[in-house]
Structure formats: C-alpha cells, structure tokens
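# Descriptive structure summary
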Amino acid sequence: MTDPKTHAQQLEFFEIPSPCVGVCESGPRGFCKGCFRSRDERLYWLKVDDATKRKIISACVRRKKAVLAKKRKAQAEQGEQRDKQYPLFDSPS
C-alpha cells in the first residue's frame, strides 16, 4: 500500500510568481505600496522556498486588506464631515 501522506501532498509544477506589480515604493510602515512586501521579503524572494512564498503572499493579502479598510474608514469619516457642513450662503433647513 502507498503512504496516505503522499496523496495529501500537492505536486507543484509551476514556480510561484512574484506578487510585484511594478509600483516599487515604500509606504510609511516600510512595506511596498504595490505588492505590500517588506524590504527583506522583496530582497530574498528568489532565495526562499515555496512554502515561505505562500506565507509571504498571504501576509501581503492581509496587509492590503488592512490598508484598504483604513482608506475606506477615512473616506467614510470625510463624507460624514462633509455632510455636516452647510453651504456658505444657504441657510440650514
């Protein structure tokens, strides 16, 4: 019989591509604004194994979601402030 662990493993035929999108600029916390990788994650991408690459990609997804949520919250707060202000020459109803 074959070992059941060998069936659970997925064969990897293709290299895991870099998440780089060509926007190579560091944000305020040191993560790339394009792919959300840290400096070390970008520097050592070609040297790490596939399992580590998957972990890096999942961390990038979490970072991107956090940044987008923060932007949405700021936009919502800005919209609330704008709604509270009255036009200069019109009187409030």
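Report follows, based on the coordinates. Bear in mind that the values here come from a model prediction, so they are computed numbers and not experimental data.

## A closer look at the layout of surface pockets
- Its volume calculated, the largest pocket comes out at about 390 Å³.
- Contributing to the lining of the largest pocket are 13 residues, with P28, R29, F36, R63 and V67 lying nearest its centre.
- Across the lining of the largest pocket, the residue classes tally to seven nonpolar, one polar and five charged.

## So, the pattern of salt bridges
- Throughout the structure, instances matching the rule amount to two salt bridges.
- Among the ionic pairs, K33 bridges to E25, the shortest N-O distance being 3.2 Å.
- Overall, the relative accessible area of 45% leaves K33 in the partly exposed class.
- Assessed through its relative accessible area of 44%, E25 is described here as partly exposed.
- Residue R63 pairs with E41 through a salt bridge whose shortest N-O separation is 2.8 Å. Here R63 is found in helix α3 (residues 50–84), whereas its partner E41 is found in helix α2 (residues 39–43), with 22 residues between them in sequence.
- Residue R63 is classed as partly exposed on the basis of its relative accessible area of 21%.

The rules we used
Residues numbered from 1 in each chain as written. Predicted model: local features only at pLDDT ≥ 70, side-chain atom pairs only at ≥ 80, totals over all residues. Heavy atoms only, no water. 1 Å grid on protein atoms, 1.4 Å probe; cavity = no way out; pocket = protein on both sides within 12 Å on 5 of 7 lines; lining within 4 Å. Points joined across faces, edges and corners; volume = space filled by probe spheres on them. Nonpolar A, V, L, I, M, F, W, Y, C, P; charged D, E, K, R; others polar. Salt bridge = Lys/Arg side-chain N within 4 Å of Asp/Glu carboxyl O. Buried < 20%, exposed > 50% of the residue type's maximum accessible area, 1.4 Å probe, protein only. Helix = DSSP H or I, 4+ residues; strand = E, 2+ residues; numbered from the N terminus.

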